[in-house]
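Structure assessment
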Amino acid sequence: MAAILDMSQFTFDGEVIQAVNELVFDAVLEAPEISLFHTVFSGIVTDKEVGFITGGGIVGKKAQGCDPQPHAFGISTRKLKWTPEEWEVLIHACYKDLRTTAAAYSLKTGTAIADFTTSDYMNIVVEVLGKEMKKFILRTVWFTNVNADNVTDGGEITDGIDPTYFDLIDGLWKQMLTQVTAKPAQKVTIAENAGANYAAQALVPANVRDTYLPGLIYGAPMTLRGMEGTFILCTQSFADGYKKSLTGKELESMYTNLVSGMKVLTFDGLPLIPVPMWDLMIAEYNNTGTKLINPHRAIFTHKDFLGIGCDDESSFGDLDIWYDKDSRKVKMEGMGIIDSKLMNPEMFMLAI
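This one's a predicted model, so the numbers in the text were calculated from it and none came from an experiment. (Residues numbered from 1 in each chain as written. Predicted model: local features only at pLDDT ≥ 70, side-chain atom pairs only at ≥ 80, totals over all residues. Heavy atoms only, no water.)

**Concerning the environment of Ile-113**
Locating Ile-113 in the fold gives a position in the loop between strand S4 (85-94) and helix H1 (120-143). When the C-alpha atoms of Ile-113 and Arg-328 are compared, they prove to be 9.4 Å apart, with 215 residues separating the residues in sequence. Setting aside its immediate chain neighbours within four residues, Ile-113 contacts Tyr-95, Arg-99, Leu-107 and Lys-108. (Helix = DSSP H or I, 4+ residues; strand = E, 2+ residues; numbered from the N terminus. Contact = heavy atoms within 4.5 Å.)

And the structure:
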């Protein structure tokens, strides 16, 4: 079993690096807080139907006089079904893996040597693992597909990456693509995504400003366009394309501050919220070796329609850490239940 924290980069001669707390964290892009642009529903622990009232029929006719006939009137409904799945993060670590590295300074002595749960080494492991769990939630909510497979096997997962990290549920990308296949009017085609290689997939800035963004907004349902709090979520590449298209224009008036303090550009008064973690995940996980699979993406919607169902939101960052005397290993475990749903499949426009 290899050590969790890779110490192989450092010469172990007793003095070069004496303790893991001398290591400095590289700048690493973190996943955004999940509640920024999703609505989280706690208490979802098993399959559960949710009913919605979608409106009534037309009413009002010319008066009929005596013995009038009643008008036909009905109230339409629709349902959504949560189908959550259990997830786990399970990691074991043995003290023997640390003995020949600088991490040995984190170990205790005597019979307590195998228990390093309170060590500097574990402090680093827990901090990094917590950040990776946030990425796991974002990846699960958006990039999963119960039929996930590698590119060479007909799927979209980069060859060499285990597809079982991507088959927990059907994520929002899968759901949106299924919806726009049935209703093409909800989709704006980003032509550059079809490029045959990385270079051919470079985004043309003017296309973002003149075609893709207008298509997202003006093709959307009037109900969505009339809502307060709508936004455009997009890859960083899409946001960069828009910004490049504005070269030479006075930009300050086109910025807005989100509640989170994030400053973003607007189009037609709507904030463009880039999610650079999407770009990183696409480059790492949706890479054929010659091109990326839909590297540029954008969605016009509202957080009310991007639902995450879970048993308890706190489970997303909750880790149980203990020392197991029988195996002489330190164990880390996180568990929970999760699902993601388009709360109303009509209330979004997708550019991809």
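**With respect to helix H3 (residues 205-218)**
Its 14 residues place the ends of H3 19 Å apart at the C-alpha level, agreeing with the 20 Å of an ideal helix rising 1.5 Å per residue. If you look at H3, its biggest bend is around 30°, right at Tyr-212, and the proline Pro-214 turns up within four residues after that. Those residues of H3 not exposed but buried are Val-208, Tyr-212, Leu-213, Pro-214, Leu-216 and Ile-217. (Expected span 1.5 Å × (residues − 1). Bend = angle between axes of the 7 residues up to and from the residue. Buried < 20%, exposed > 50% of the residue type's maximum accessible area, 1.4 Å probe, protein only.)

**Brief notes about a nonpolar patch on the surface**
A cluster of nonpolar side chains, Ile-53, Val-59, Phe-73 and Ile-75, forms an exposed patch at the surface whose accessible area comes to about 470 Å². In this structure, Phe-73 sits in the loop between strand S2 (48-56) and strand S3 (75-82). (Patch = residues over 30% accessible without salt bridge, like charges linked within 9 Å, V, L, I, M, F, W, Y side chains within 5 Å. Areas by Shrake-Rupley, 256 points an atom, 1.4 Å probe, with all protein chains shown as cover. Salt bridge = Lys/Arg side-chain N within 4 Å of Asp/Glu carboxyl O.)

**Section: the packing of aromatic side chains**
Following the criterion strictly, the structure yields nine aromatic pairs and no others. With a centroid separation of 5.9 Å and an interplanar angle of 80°, the aromatic rings of Tyr-242 and Phe-267 are classed as edge-to-face. Placement of Tyr-242 in helix H5 (residues 236-245) and of Phe-267 in strand S8 (residues 263-267) is noted, with a sequence separation of 25 residues between them. The exposure classification of Tyr-242 matches that of Phe-267, with both residues buried. One aromatic cluster in this structure is built from Trp-142, Phe-143, Trp-173 and Trp-278. Lying across the ring of Tyr-255, Lys-263 places its NZ or CZ 5.0 Å from the centre. (Phe/Tyr/Trp six-rings, centres within 6.5 Å; stacked < 30°, edge-to-face > 60°. Lys NZ or Arg CZ within 6 Å of the ring centre and 35° of its normal.)

**Concerning the nonpolar core**
Of all hydrophobic cores here, the largest spans 52 residues; its most connected members are Phe-116, Trp-142, Leu-233, Trp-278 and Ile-299. Elements with a contribution of two residues or more to this core: S4, H1, helix H2 (172-182), strand S6 (231-234), helix H6 (276-285), strand S11 (306-310) and strand S13 (329-342). If one sorts the elements of this core by residue count, H1 sits on top with 11 residues. Once residues lying within four places of it in the same chain are set aside, the contact partners of Trp-142 are His-38, Gly-171, Leu-172, Trp-173, Lys-174, Met-176, Leu-233, Trp-278, Ile-299 and Leu-306. Among the nonpolar cores identified, the runner-up in size contains 28 residues, and Tyr-212, Ala-220, Leu-246 and Phe-300 belong to it. (Core = buried A, V, L, I, M, F, W, Y, C linked by side-chain atoms within 4.5 Å.)

**Topic: the pattern of salt bridges**
This structure, assessed with the given rule, holds eight salt bridges. Residues Glu-127 and Lys-131 are paired through a salt bridge, measuring 3.9 Å at the closest nitrogen-oxygen approach. Of the two residues, Glu-127 and Lys-131 both sit in helix H1, four residues apart, roughly one turn of that helix. Measuring nitrogen to oxygen at the nearest pair gives 3.3 Å for the salt bridge that ties Lys-174 to Asp-170. With a relative accessible area of 25%, Asp-170 lands in the partly exposed category.

**Structural notes on the sheet that holds strand S14 (residues 349-351)**
With respect to topology, seven strands assemble into an open sheet ordered S5-S14-S10-S6-S9-S8-S7, the strand pairing being mixed. Single-partner strands in this sheet number two, and they are strand S5 (187-188) and strand S7 (255-257). Bridge count for S7 against S8 is three bridges, and the pairing is antiparallel. In the strand pairing of S8, Tyr-255 is matched with Leu-265. (Pairing = 2+ DSSP bridges.)

**Let's talk about the confidence of the model for the chain**
Averaged over all residues, the pLDDT of the chain is 87; the fraction at 70 or higher stands at 89%. Throughout residues 10-20 the model reports pLDDT below 50, and contacts reaching past four residues in sequence, or to other chains, amount to 25 contacts. (pLDDT = per-residue confidence, 0-100.)

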